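Take a look at the letters that make up each chain.
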Amino acid sequence: MQAKDSNPPDGGYGWVVVVSAFMVMGLTVAVLKTFGLFFVEIQQHFDELASTTSWITSVTIAVFHLGAGLFPVSKESMCFHSQGLPLQQTVQFTTARILPITFTSLLSAPVASSLCVQYTHRTVVITGGLLAFSGMALGFFGLNMVWMYATTGFLQGLGISFSWTPAISIVSHYFSKKRALANAIASAGECAFAFVFGPFFQWLISQYGWKGALLIIGGIQLNICVCGVLMRPLASSCLLEASHYGTETPPGNGASGRDKEDKSPIMHKTLNWMLVKRPEFVLYAIFGILAAMSFFVPPLFLVPLSYSLGIDESWTASLLSILAMVDFGGRLLCGWYANLHVTKTIHLLAMTITLISTSLMLLPLANSYLSLAIFTGFYGFFFGTTVAIHITVLADVVGMPEFDSALGLFMLIRSTGGFVGPPFAGLIVDMAGDYRASFYMAGATLILSAGFLIILDLLQQRKKRGSKIRTKPEKSTLPYPSLHTLKHQTRRGQDAEENEKLSPCPFHAN
């Protein structure tokens, strides 16, 4: 692919790509977020425990998350940086305006990322659409629970990953000045589709059963292929820069450069396991694992809880719509507030995590649709605020030189929480015999994660005080640097005069 124009078009056909990416976001992540509607149906059909059934969603999440760090976020950072934005400002800008739109906005499969380098974004998106369709269509047969793990779990997760990764990436290649707006519109597809999919999926289940609904949803996901066809390849300077990042070699060393390219330097650079030796990163990674264990529990068990309270199915589906709507509002509001830099980001994150855990602890107290909707709204709003800043806090923790590596490793480690969380909550539900127990588990886990944020903040403050003490003697106490220089010059002059008095000088002899 040869570049015809070094500058992104910033409009024109790029808006077609944005709409296509908007659709892909909705047909992938929004489906995952509303899959809780199928939980009770599948559990009753196979007569399985809640912990066993929850592994379907857990496998999907794990496959979608694995290899998160190998999607080169540095591509986008380099593109912003090449436009003249400082790298620290780039992270604050992207995390507050672009990344907050979706919780999994930086999560993608390494295979999908490498395929985007070898082939075109269009090819990978189409492949993802076919995989997502296959997962749902094969799940229609519903042979046994293991079959559901392999189809609706693994294949669906792989399809989501293949579709999401290049869809959000290609938007950045088409836009430069309007990149923030374009990415925000594209990523908003998750919340917009989740708002509609709740009632729609419930209607499909009531009309065609859960198996028929899976088949129809799989057919709808074939539209991902149509969106992929519309993603016309565009070779830009940013794409070329990202593709060759880290492969430049001194003149006359072309063979070595080719060897480095063959080893996919972008992917090699993304993970730096030496970060696990840094206590700040370890503390934040533990927070990420505990938070991920909790975040995927409410959307999965909210529908079963409402059923157990005797709430009508049509009203139950609307809870997911409320969750999506307030989630989107929370992300935008907190992203705007974070950009004001009024509150330290780690303090803001600890506060939002505490508010989420409080909401989850209060949610099981609901005994009617109205009270359940209110507590669901509080949870969704505070969840959105957390999404808006958690990546920014990571940048503050590790510093910009290690941000790309830390982001990849953090997402990879955090995937274990998303994989273990739903089955663990299901096990607690089986033991307690009440779906409320899963929300108590999620709330308690979040409180524990907030404790690690507090420890991290105390450690940072301690190191900062120690750094000030070590550097204090080197700093001037004078108000202006020029006076500091004058002070040293005066001192050198006084020393010279003293030396003159001590040693005889022939020019001053009488």
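What you are looking at is a predicted structure, and each value in this text was computed from that prediction instead of being measured.

About the thresholds
- Residues numbered from 1 in each chain as written.
- Predicted model: local features only at pLDDT ≥ 70, side-chain atom pairs only at ≥ 80, totals over all residues.
- Heavy atoms only, no water.
- Helix = DSSP H or I, 4+ residues; strand = E, 2+ residues; numbered from the N terminus.
- Buried < 20%, exposed > 50% of the residue type's maximum accessible area, 1.4 Å probe, protein only.
- Axes fitted to C-alpha atoms, helices over the stretch in contact; angles between N-to-C directions.
- Parallel < 35°, antiparallel > 145°, perpendicular 65-115°, else oblique.
- Contact = heavy atoms within 4.5 Å.
- Nonpolar A, V, L, I, M, F, W, Y, C, P; charged D, E, K, R; others polar.
- Expected span 1.5 Å × (residues − 1).
- Bend = angle between axes of the 7 residues up to and from the residue.
- Patch = residues over 30% accessible without salt bridge, like charges linked within 9 Å, V, L, I, M, F, W, Y side chains within 5 Å.
- Areas by Shrake-Rupley, 256 points an atom, 1.4 Å probe, with all protein chains shown as cover.
- Salt bridge = Lys/Arg side-chain N within 4 Å of Asp/Glu carboxyl O.
- Core = buried A, V, L, I, M, F, W, Y, C linked by side-chain atoms within 4.5 Å.
- Arc of directions from axis to C-beta.
- pLDDT = per-residue confidence, 0-100.

**Overview of unusual backbone geometry**
Consideration 1: Its identity as a non-glycine residue notwithstanding, Asp10 has a phi of 55°, on the positive side.
Consideration 2: Relative to the helices and strands, Asp10 is located in the segment before α1 (14-33).
Consideration 3: For Asp10, a relative accessible area of 17% translates into the label buried.
Consideration 4: Despite not being glycine, Asp47 has its phi angle at roughly 55°, a positive value.
Consideration 5: In this structure, Asp47 sits in the loop between α2 (39-46) and α3 (50-53).
Consideration 6: You can call Asp47 exposed: its relative accessible area is 69%.

**A word on the packing of helix α16 (residues 279-295) against helix α17 (residues 297-308)**
Consideration 1: As a packed pair, α16 and α17 sit with axes 5 Å apart at the nearest point and diverge in direction by 20°. In this view, α16 runs roughly parallel relative to α17, as classed from their interaxial angle. Facing α16, whose interface residues are Met293, Ser294 and Phe295, α17 presents Val297, Pro298 and Pro299.
Consideration 2: Looking at the contact of α16 with α17 residue by residue, the class counts come to 5 nonpolar, 1 polar and no charged.

**Quick look at helix α11 (residues 189-221)**
Consideration 1: Between its first and last C-alpha, α11 extends only 14 Å over 33 residues, short of the 48 Å set by a 1.5 Å rise per residue.
Consideration 2: Where α11 bends most, at Tyr208, the angle is about 120°.

**What about a nonpolar patch on the surface?**
Consideration 1: Taken together, Trp55, Phe419, Val420, Phe424, Leu427 and Met431 make up a surface patch of nonpolar side chains, about 550 Å² in accessible area.
Consideration 2: With 5 residues, the top contributor of residues to the nonpolar patch is helix α21 (residues 403-432).
Consideration 3: In this structure, Phe419 sits in helix α21.
Consideration 4: On the basis of relative accessible area, Phe419 is assigned to the partly exposed category, the value being 31%.

**Some remarks on the nonpolar core**
Consideration 1: Formed by 116 residues in total, the largest nonpolar core has its most connected members in Phe38, Ile42, Phe281, Tyr284 and Phe301.
Consideration 2: Per-element accounting of this core gives the leading share, 14 residues, to helix α20 (residues 369-398).
Consideration 3: Core analysis: the next-biggest nonpolar cluster, separate from the first, contains 7 residues, Val59, Val63, Leu131 and Leu155 among them.

**Some words on α2**
Consideration 1: Residues Phe39, Val40, Ile42, Gln43 and Phe46 constitute the buried set of α2. Projected onto a plane normal to the axis of α2, the buried residues spread over an arc of 165° and lie on a single side.
Consideration 2: In the core, the buried residues of α2 are packed alongside α3, α4 (55-65), α9 (145-174), α11 and α17.
Consideration 3: Following α2 by one or two positions, Asp47 has its phi on the positive side, about 55°.

**Thoughts on the confidence of the model for the chain**
Consideration 1: Summarising the model, the chain shows a mean pLDDT of 77, and 72% of its residues fall at 70 or more.
Consideration 2: Note that residues 236-270 has pLDDT below 50 and, in this model, 41 contacts with residues that lie over four places away or in other chains.
Consideration 3: Residue range residues 505-510 is modelled with pLDDT below 50. Its contacts to residues more than four positions away, or to other chains, number 1 contact.

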